[in-house]
Amino acid sequence: MKAKALVLLFVLSAVMLSGCTGDKTTDGGVNVTDNITTGTDGDDNITPENTSDVSLGETEHDATTEEQPTVDVPVKETTTQGPQVIDTGVPRSYTIRLEKFLSSPNTLVVAPKDTVFWINFNDPIRAFTIVSEDGLWESRSIGYRQSFSYTFNETGTYNYSILGNPRMSGTIIVK
């Protein structure tokens, strides 16, 4: 029993001491820390020391080297309110949960070529029939833990509903 306690004590102390090895980086990256010092006048004014390689007269942008060229990225200003869709060129997938006789989220903003999945998680177990109000697909029955998916190719606002459950209707906005 004493040997187990000694081994446990040794392992715990090794784990605690392993975090006290310093600020070395092992991934080849640069580790920059701000050292905090206390003012010399006795009050507790905290002043960070300047530990970067940039002198006071130049900005970090001016201190770039040939290994790290700057890239000018045009900024696209938008003035619209609400959610914004950022088109990365890669189609994305979204999930709408049919649960507790609600669809969540009931409004979804997607980009063209994105796919939306409706998954039935309702308890008690029940099949739902999803209908496109805009005629994008034929009515489909979705059983418990099953899904239906549709890829939206054109911009616009599209509505869907679940037969017999008006609270489960929703809107897909393709921007």
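Described below are features of the structure shown in this document. (Residues numbered from 1 in each chain as written. Predicted model: local features only at pLDDT ≥ 70, side-chain atom pairs only at ≥ 80, totals over all residues. Heavy atoms only, no water.)

Focus on the overall build of the chain
We apply this condition: Strands are runs of DSSP state E lasting at least 2 residues, helices are runs of H or I lasting at least 4, and numbering of each runs from the N terminus. Exposed residues in this analysis have more than 50% of their type's maximum accessible area, buried residues have under 20%, and partly exposed residues fall in between, with area computed by a 1.4 Å probe over protein chains only. Any two residues having at least one pair of non-hydrogen atoms within 4.5 Å are treated as being in contact. Here the Shrake-Rupley method, with its probe set to 1.4 Å, supplies the accessible areas, and only the displayed protein chains count as covering residues.
Tallying secondary structure elements over the chain gives one helix and 11 strands in all. Secondary structure elements in the chain, listed N-terminal to C-terminal, are α-β-β-β-β-β-β-β-β-β-β-β. Per-residue burial for the chain yields a buried fraction of 21% across its 175 residues. Counting contacts in the chain only where the partners sit at least 6 residues apart, residues at least 24 apart contribute 45% of the total. Surface accessibility of the chain: about 13,600 Å² in total, with carbon and sulfur atoms responsible for 53%.

Topic: the packing of aromatic side chains
Threshold: Note on aromatic contacts: the rings of Phe and Tyr and the six-membered ring of Trp form a pair at centre separations within 6.5 Å, being stacked when their planes are under 30 degrees apart, edge-to-face when over 60 apart, and tilted otherwise.
This structure, assessed with the given rule, holds eight aromatic pairs. An angle of 90° between the planes, with centres 6.1 Å apart, marks the rings of Phe 101 and Phe 128 as edge-to-face. Placement of Phe 101 in the loop between β3 (93–99) and β4 (102–104) and of Phe 128 in strand β7 (residues 128–132) is noted, with a sequence separation of 27 residues between them. With a relative accessible area of 25%, Phe 101 lands in the partly exposed category. A centroid spacing of 5.3 Å and a plane angle of 75° characterise the contact between Trp 118 and Tyr 160, whose relative ring orientation is edge-to-face.

Considering the nonpolar core
Side chains of a nonpolar character, in soluble globular proteins, are inclined to be buried together. For clarity, the threshold we go by: The nonpolar core is taken to be a set of buried Ala, Val, Leu, Ile, Met, Phe, Trp, Tyr and Cys residues, with the residues joined through side-chain atoms within 4.5 Å.
Among the nonpolar cores identified, the biggest contains 19 residues, and Val 116, Trp 118, Ile 130, Phe 152 and Ile 172 are the most heavily contacted of them. Setting aside anything within four residues of it in sequence, one finds Ile 130 in contact with Trp 118, Trp 137, Glu 138, Ser 139, Arg 140, Ile 142, Phe 148, Tyr 160, Ser 161 and Ile 162.

Comments concerning the environment of Phe 152
Positionally, Phe 152 belongs in strand β9 (residues 147–152). Distance from Phe 152 to Ile 173, taken between C-alpha atoms, is 9.4 Å for residues 21 residues apart in sequence. In contact with Phe 152, not counting residues within four places along its chain, are Ala 111, Pro 112, Lys 113, Asp 114, Val 116, Trp 118, Leu 136, Trp 137, Tyr 158, Ile 172 and Val 174.

Some thoughts on the pairing of strand β11 (residues 165–174)
Rule in force here: Strands are labelled as partners when DSSP assigns at least two bridges between them.
As defined by bridge partners, strand β5 (residues 107–110) adjoins β11 across four bridges and the pair is classed as parallel. Bridging across to β11, Leu 108 finds its partner in Ile 172. Turn length for the strand β10 (residues 156–162)-β11 hairpin, with the two strands adjacent in sequence and antiparallel, is two residues, and the turn residue Gly 164 shows positive phi of about 80°.

A short note on the environment of Asn 106
Relative to the helices and strands, Asn 106 resides in the loop between β4 and β5. Among the residues examined, Asn 106 registers a relative accessible area of 42% and is labelled partly exposed. Residues Asn 106 and Arg 167 lie 61 residues apart in sequence; the distance between their C-alpha atoms is 9.1 Å. Apart from the residues lying within four places of it in its own chain, the contact partners of Asn 106 are Tyr 160, Ser 169, Gly 170 and Thr 171.

Quick word on the sheet that holds β4
Using the following cut-off: Between N-to-C directions, angles span 0 to 180 degrees; the directions come from axes that are lines fitted to C-alpha atoms, helices contributing only their stretch in contact.
If you trace the four strands from one edge of the open sheet to the other, you get β4-β3-β6-β9, paired in mixed fashion. The open sheet terminates on both sides in strands that have one partner only, identified here as β4 and β9. The mean angle between the axes of side-by-side strands here comes to 20°, regardless of whether they run parallel or antiparallel. Looking at chain direction, strand β6 (residues 114–120) and β9 are connected through six bridges and run antiparallel. Among the inter-strand pairings, Val 116 is bridged to a residue of β9, identified as Tyr 150.

Things to note about the environment of Val 90
Here Val 90 lies in the loop between β2 (46–48) and β3. Along the chain, Val 90 and Pro 112 lie 22 residues apart, while their C-alpha atoms are 10.0 Å from each other.

Observations concerning the sheet that holds β11
Sheet architecture is open: five strands sit in the order β5-β11-β10-β7-β8, paired in mixed fashion. In this open sheet, the two strands that pair with only one neighbour each are β5 and β8 (140–142). For this sheet, the mean inter-axis angle between neighbouring strands, taken without regard to orientation, is 25°. Bridge count between β7 and β8: three bridges; the pairing is antiparallel. Among the inter-strand pairings, Thr 129 is bridged to a residue of β8, identified as Ser 141.

Don't take any of this as a statement about function, it's just geometry.
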